[in-house]
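# Residue-level structural notes
Given next are the chains, with one letter for each unit.
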Amino acid sequence: MHSPLLSPARHTRSPSPALWTGGVCGALALVLLILVAVRWSPLTRLDRDIAEALHRRAVTEPGLVHLNRILTDWLWDPWTMRALIAVAVVVLWQRGARMLAAWVAVTTLVSSLLQQGIKAAVGRERPRWPDPVDSAHYAAFPSGHAMTAVVSCGLLLWLLQRSGCRPWIRRAALAAAGVSVLGVGLTRLYLGVHWPSDVVGGWLLGAALVALAAASYDRYASRPRVGTD
């Protein structure tokens with residue numbers, strides 16, 4: 001049986017929406033990275049104002065802090081997201097979509113390397129509080145939780161779209177992905193371990209990477225096969 005996952009892309013003659021999305025998100029992420037690196041004062045003030053407002057509330061609500069820690073450390077932990085991708089890669093490989101499986105795995109690996117490389121290059125300090133409600137280590141920009149959530153959810157949604165599954169399944173998955181991406185960003189901010197621009201940067205970088213990976217795979221899959229009918 002012919003699998004939709006192995007089907008070539010339908011739109012090949014003009015730049016795809018995914019390519020445009022990747023370019024726009026990548027450009028915005030680059031602008032934000034530069035502003036963070038040069039410590040642009042309006043952005044720094046905005047980050048500080050939002051972070052302080054959230055922290056003032058967090059220290060008065062230990063129950064909500066505990067809930068946020070469960071969500072960020074378990075449900076939306078980067079390793080949980082990577083485990084979902086690993087399952088998808090295994091399923092794709094078993095179904096014979098081995099190039100697609102490799103594409104997803106490599107995209108996930110590139111995401112981790114890019115994230116850690118930017119953190120090391122920018123070296124942004126995390127928020128510091130006299131009464132912290134949580135702790136995190138290493139550099140702040142971009143948020144690893146936010147970027148991993150976007151990459152993982154984005155790749156899974158892309159695979160569902162390619163699979164030709166029922167519309168209600170795609171809609172349910174889209175809703176779950178939206179809640180996860182937004183939720184993981186908000187938990188990191190509420191717990192006071194990231195600046196808002198860290199989270200936005202993670203979202204933008206993740207979206208750019210997924211969009212460019214999808215566009216490049218569609219271009220690869222649409223190439224004429226030499227020696228085939």
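Residues numbered from 1 in each chain as written. Predicted model: local features only at pLDDT ≥ 70, side-chain atom pairs only at ≥ 80, totals over all residues. Heavy atoms only, no water.

## Some words on the packing of helix α6 (residues 144-163) against helix α7 (residues 167-190)
Applied cut-off: In this description, a line fitted to the C-alpha atoms serves as the axis of each element, helices being fitted only across the stretch in contact, and the angle between N-to-C directions of two axes falls anywhere from 0 to 180 degrees. Put simply, DSSP marks the helices as runs of H or I at least four residues long and the strands as runs of E at least two long, and each gets a number from the N terminus on. Roughly parallel means an angle under 35 degrees; roughly antiparallel, over 145; roughly perpendicular, 65 to 115; everything else is oblique. Contact criterion: two residues are considered in contact whenever any of their non-hydrogen atoms come within 4.5 Å of each other.
Where α6 contacts α7, the two axes come as close as 9 Å, and the packing angle between them is 175°. When the interaxial angle is binned, α6 and α7 end up roughly antiparallel. The segment α6 lies against α7, with His-145, Ala-146, Ala-149, Val-150, Cys-153, Leu-157, Leu-160 and Gln-161 engaging Arg-170, Ala-173, Leu-174, Ala-177, Ser-180, Val-181, Val-184 and Arg-188.

## Quick word on α6
Each full turn of the α-helix corresponds to 3.6 residues, which orients residues three or four apart in the same direction. What counts here: Take the residue count of a helix, subtract one, and multiply by 1.5 Å to get its expected span. The buried label applies to any residue whose accessible area, calculated with a 1.4 Å probe on protein chains only, is under 20% of its type's maximum; exposed applies above 50%, and partly exposed to all values in between.
In this model α6 runs 28 Å from its N-terminal to its C-terminal C-alpha over 20 residues, within 8% of the 28 Å that 1.5 Å per residue would give. Of all 20 residues making up α6, 15 are buried, and the element is well covered by its neighbours. Directly after α6, the chain includes Gly-164, whose backbone phi takes a positive value near 75°.

## Points about the state of the cysteines
Going by this rule: Sulfur atoms of two cysteines make up a disulfide when they are within 2.5 Å.
Scanning the model with the defined rule gives zero disulfides in all. Not engaged in a disulfide, the cysteine Cys-153 finds its nearest cysteine sulfur in Cys-165; these two sulfurs lie 15 Å apart. For Cys-165, a relative accessible area of 16% corresponds to the buried category.

## Examining a nonpolar patch on the surface
The criterion, for reference: Patch membership requires over 30% relative accessible area and the absence of a salt bridge. Like charges are linked within 9 Å, and nonpolar side chains (Val, Leu, Ile, Met, Phe, Trp, Tyr) within 5 Å. Methods summary: accessible areas were calculated by the Shrake-Rupley approach with a probe of 1.4 Å, and residue burial reflects only the protein chains presented. Any Lys or Arg side-chain nitrogen located within 4 Å of an Asp or Glu carboxyl oxygen qualifies as a salt bridge.
A surface patch of nonpolar side chains, about 410 Å² in accessible area, is lined by Leu-30, Ile-34, Val-38 and Trp-40. For Trp-40, the position within the fold is in the loop between α1 (17-37) and α2 (41-58).

## Structural notes on the side chain of Asp-134
Its location among the elements puts Asp-134 in the loop between α5 (98-122) and α6. Residues within four places of Asp-134 in sequence aside, it is in contact with Arg-69, Leu-191 and Val-193.

## Focus: the confidence of the model for the chain
This is how the line gets drawn: Scored between 0 and 100, pLDDT is the confidence that the predictor attaches to each residue.
Overall, the predicted model of the chain reaches an average pLDDT of 91, with 91% of residues at or above 70. Contacts for the low-pLDDT stretch residues 6-12, under 50 throughout, to residues beyond four places or in other chains number eleven contacts.

## Regarding the packing of aromatic side chains
The geometry of an aromatic ring pair is captured by the separation of the ring centres together with the interplanar angle, meaning the angle of the planes. For clarity, the cut-off: Here is the rule: rings of Phe, Tyr and Trp (six-membered ring for Trp) pair when centre to centre is within 6.5 Å. Planes less than 30 degrees apart are stacked, more than 60 are edge-to-face, and the remainder are tilted. The rule for a charge over a ring is simple: NZ of Lys or CZ of Arg within 6 Å of the ring centre, and within 35 degrees of the ring normal.
In the structure shown here, the tally under the stated rule is four aromatic pairs. Look at Trp-103 and Tyr-217: their rings are 5.1 Å apart centre to centre, the planes differ by 75°, and that puts the pair in the edge-to-face class. Remark: Tyr-217 occurs in helix α8 (residues 196-221) and Trp-103 occurs in helix α5; sequence separation between them is 114 residues. Take Trp-103: its relative accessible area is 21%, and that puts it in the partly exposed class. The rings of Trp-103, Trp-158, Tyr-217 and Tyr-220 are connected pair by pair, giving a single aromatic cluster. The ring of Trp-79 has Arg-82 lying over it, and the distance from NZ or CZ to the ring centre is 4.7 Å.

## Remarks on the environment of Thr-60
Worth spelling out the cut-off: Each polar contact in these results corresponds to two N or O atoms within 3.5 Å; when the atoms are within protein, one needs to be able to donate a hydrogen and the other to accept it, and residues that are neighboring in sequence are counted only if both atoms are side-chain atoms.
Here Thr-60 is to be found in the loop between α2 and α3 (62-75). Relative accessible area serves as the criterion here: at 56%, Thr-60 is assigned to the exposed category. Between the alpha carbons of Thr-60 and Gly-185 there is a distance of 20 Å; along the sequence they are 125 residues apart. A polar atom in the side chain of Thr-60 sits 2.7 Å from the backbone oxygen of Arg-57.

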